Amino acid sequence: MARRELQEINAGSMADIAFLLLIFFLVSTTMDTDSGIVRKLPPMPEETQDEQVDVKERNIFVVLVNRHDQLLVEGELMHIKDLRVTAKEFIVNPHNDIDLPTKEFIEVDYFGEVEVTKKHVISLQNDRGTSYAMYIAVQNELAAAYNELRNDLSMRRFGVKFADLKGDENKDKRKAIEEIYPMKISEAEPKNVGG
Amino acid sequence: MSKFKKGEKKTVTAITTASLPDIIFMLLFFFMVTTVMREVELKVDYNPATANQTKKLEDKALVSYIYIGEPLNKKIFGTVPRIQLNDSFAEPEEIRDFVASRREGLKEVDRPKMTISLKIDREVEMGVVTDVKQELRKASALKINYSTHEGDPIDAIGRY
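Here the residue numbering is sequential within each chain, running from 1 through the sequence in written order. In the order they appear in the text, chains get letters beginning with A and ligands get numbers beginning with 1. Reporting of local features is limited, given that this is a predicted model, to residues whose pLDDT is at least 70; pairs of side-chain atoms are given and counted only at 80 or more, and all residues count toward the totals for whole chains, interfaces and linings.

A.B. asks: Please explain the overall build of chain B as it appears in this structure.
C.D. replies: Broken down by element type, chain B carries five helices and seven strands. We count a stretch as a helix when DSSP gives it H or I for four or more residues in a row; a strand needs E for two or more, and each element gets its number in order from the N terminus. Reading the helices (α) and strands (β) of chain B from amino to carboxyl end gives α-β-β-β-α-β-β-α-β-α-β-α. The globule rule is 2.2 Å times the number of residues to the power 0.38, and the radius of gyration it is compared with is taken over C-alpha atoms. Taking 2.2 N^0.38 as the reference for a compact globule, 160 residues should give roughly 15 Å; the C-alpha atoms of chain B span a radius of gyration of 26 Å, well beyond that estimate. Dimensions of chain B along its principal axes, counting C-alpha atoms only, are 90 × 45 × 35 Å. Around each residue's C-beta, the other C-beta atoms within 10 Å are counted; 20 or more make the residue buried, 12 or fewer make it exposed, and counts in between make it partly exposed. All C-beta atoms are placed from the backbone. Looking at chain B as a whole, 26% of its 160 residues are labelled buried. In chain B, the share of contacts with a sequence separation of at least 24, taken over all contacts with a separation of at least 6, comes to 79%. With C-beta atoms placed from the backbone, a contact is any residue pair whose C-beta atoms sit within 7 Å.

A.B. asks: Please clarify how the overall build of chain A should be interpreted in this entry.
C.D. replies: Looking only at helices and strands, chain A features four helices and eight strands. Helices (α) and strands (β) of chain A occur, in sequence order from the N terminus, as α-β-β-β-β-α-β-β-β-α-α-β. The buried share of chain A, reckoned over its 195 residues, is 22%.

A.B. asks: Just to check I follow, could you spell out the sheet that holds strand β2 (residues 60-65) of chain A for this structure?
C.D. replies: The strands that make up a sheet are held in pairs by hydrogen bonds between backbone atoms, and each pair lies either parallel or antiparallel. All names here are of chain A. A pair of strands is labelled paired if DSSP reports no fewer than 2 bridges between them. Spatially, the five strands line up as an open sheet ordered β4-β3-β2-β7-β8, and their pairing is mixed. Single-partner strands in this sheet number two, and they are β4 (76-78) and β8 (185-187). In this sheet, adjacent strand axes meet at a mean angle of 30° when their direction is disregarded. As defined by bridge partners, β2 adjoins strand β7 (residues 121-126) across six bridges and the pair is classed as parallel. Each bridged residue has a counterpart across the sheet, and for L64 the counterpart in β7 is Q125. Packed onto the sheet, helix α2 (residues 83-92) meets β2, β3 (71-73), β4 and β7 and runs at close to 20° relative to β3. Every axis in this analysis is a line fitted to C-alpha atoms, fitted for helices over the stretch in contact. Angles between the N-to-C directions lie between 0 and 180 degrees.

A.B. asks: Just to check I follow, could you spell out the interface of chain B and chain A for this structure?
C.D. replies: Where the parts come together, the accessible area they lose is often given as the size of the interface. Taken together, the contacts link 51 residues of chain B with 42 residues of chain A. Residues belonging to the side of chain B that touches chain A are distributed by class as follows: 27 nonpolar, 13 polar and eleven charged. Pairing analysis gives two bridges linking strand β1 (residues 35-40) of chain A to strand β2 (residues 55-56) of chain B, with the strands arranged antiparallel. When the bridges of β2 of chain B are listed, S35 of chain A appears paired with K56 of chain B. Basically, the charged four are Asp, Glu, Lys and Arg, the nonpolar ten are Ala, Val, Leu, Ile, Met, Phe, Trp, Tyr, Cys and Pro, and anything else, Gly included, counts as polar.

A.B. asks: I tried to follow the nonpolar core on my own but got confused; where do I start?
C.D. replies: Across soluble globular proteins, nonpolar side chains have a tendency to be buried as a group. To define a nonpolar core, we join buried Ala, Val, Leu, Ile, Met, Phe, Trp, Tyr and Cys residues through C-beta atoms within 7 Å and take the resulting set. In this structure, Y132, I136 and V138 of chain A together with I68 of chain B are the most contacted members of the largest nonpolar core, which totals 49 residues. For this core, the element with the highest residue contribution is helix α3 (residues 132-158) of chain A, accounting for eleven residues. Sequence-distant contacts of V138 of chain A, that is, excluding residues within four places in its chain, are made with V63, V65, I80, L83 and L124 of chain A.

A.B. asks: So what exactly am I meant to see when it comes to the confidence of the model for chain A here?
C.D. replies: Low-confidence regions, as indicated by low pLDDT, have predicted coordinates that should not be scrutinised in detail. Overall, the prediction assigns chain A a mean pLDDT of 83, with 90% of residues at 70 or greater. Per residue, pLDDT measures the predictor's confidence, with a range of 0 to 100. Within chain A, no element has a lower average pLDDT than helix α1 (residues 14-28) of chain A, which sits at 81, and none a higher one than α3 of chain A, at 91.

A.B. asks: Even after reading the chapter, I still don't get the environment of L62 of chain B, so can you show me in this structure?
C.D. replies: All names here are of chain B. Tracing the backbone shows L62 in the loop between β2 and β3 (63-69). Look at L62 and you get partly exposed, because 18 C-beta atoms sit within 10 Å. For the pair formed by L62 and K107, sequence separation is 45 residues and the distance between their alpha carbons is 9.7 Å. Apart from residues lying up to four places away in sequence, L62 is in contact with L106, D110, K113, M114 and T115.

A.B. asks: Sorry, what's going on with the pairing of strand β5 (residues 104-108) of chain A here?
C.D. replies: Moving residue by residue along a regular strand, the side chains alternate between the two faces of the sheet. Residue and element names in this part refer to chain A. Counting buried positions along β5 gives zero out of five residues, so the element sits mostly on the surface. The sheet contact formed by β5 and strand β6 (residues 112-116) spans five bridges and is antiparallel. Paired with F105 across the bridge in β6 is E115. Turn length for the β5-β6 hairpin, with the two strands adjacent in sequence and antiparallel, is three residues, and the turn residue Y110 shows positive phi of about 70°.

A.B. asks: When you look at the environment of I37 of chain A in this model, what are you seeing that I'm missing?
C.D. replies: Here I37 of chain A lies in strand β1. Linking I37 of chain A and A176 of chain A, residues 139 residues apart in sequence, is a C-alpha distance of 22 Å. With residues near it in sequence (within four places) discarded, I37 of chain A still touches I136, Q139, N140 and A143 of chain A together with A51, Q53, T54, N145, Y146 and T148 of chain B.

A.B. asks: Looking at this structure, I do not really get α2 of chain A. What am I missing?
C.D. replies: For the α-helix, the turn length of 3.6 residues means that residues three or four positions removed from each other point alike. All names here are of chain A. Along α2, the positions that sit buried rather than exposed are L83, A87, F90 and I91. The arc that holds the buried residues of α2, viewed along the axis, is 95°, so those residues lie on one side. The inward-facing, buried residues of α2 contact β2, β3, β4, β7 and α3. Among the residues trailing α2, N93 stands out with phi positive, at a value near 50°. Each C-beta atom gives one direction from the helix axis, and the arc is the one those directions make.

Shown next as structure tokens:
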């Protein structure tokens, strides 16, 4: 029996095939990573329960946005660039103002006894005609107010930014800061805000 | 005259291309690993709003997308902002089924971690967004993400 000689496969076209695949993946690839403002929606209230949460007027920071994208904060017309500072002052209440939220002492790890505005709530209401860009801007400024406060505190106490307190070993530190500045943004049940 | 042409013929040595396939394969594998296929074909205009207090979405597998914007084909579908689920336009009521089917596709342990990423055009009015949010609440898909691109939102509002 004549033994057939094993012929080598011609690999010359391998590069072409690889090129073809490469170009396919090059074209179909999208490098963008999705980023955005993360929020948690409140669960739908059940029909049966009709509880009214009692919040003192001084503890609520009302932000209204009308359909002309104008901002009404605590009953006053405001430009959005002032929102961050105003919100920060509301959250901290540095001079124990009687119009700003009540403060109480709580025990926090790493910090000891701290006076915080535990019961404050930022209430955000928008009209159906508000533009999405404006809504995001407002959400962004409110988030920025909290992030700046948390960062400041974290820098002062731990020497690192709040955003850099990552991993399990920093979990307690994160929790402590979140306890001092809890993010409380509440969106009202939809209704039409006039204007 | 022939001082420089004397002697041996110059031969141009060809560069060996034997390693070319390897290089191409390397690039190929890089792109294969990093590639993310586009989830859907966009049927609505989507220009993201701007924000700078953003977080990155970690696990793509747990994210479902809802697009809202004016239809691309305005001659046929008009200019009223529409919701796009998967590859077609949808009404707000259909979101509940959409969420349910997406949740079904996840592992049991991952279901509470499911995130809905809202990709909403910046010019859309909040009315339709509010409707979508109400539907999401009814479907108890509470983790949401307002997809944005990086930048100062106050500057951006002035520019639109």
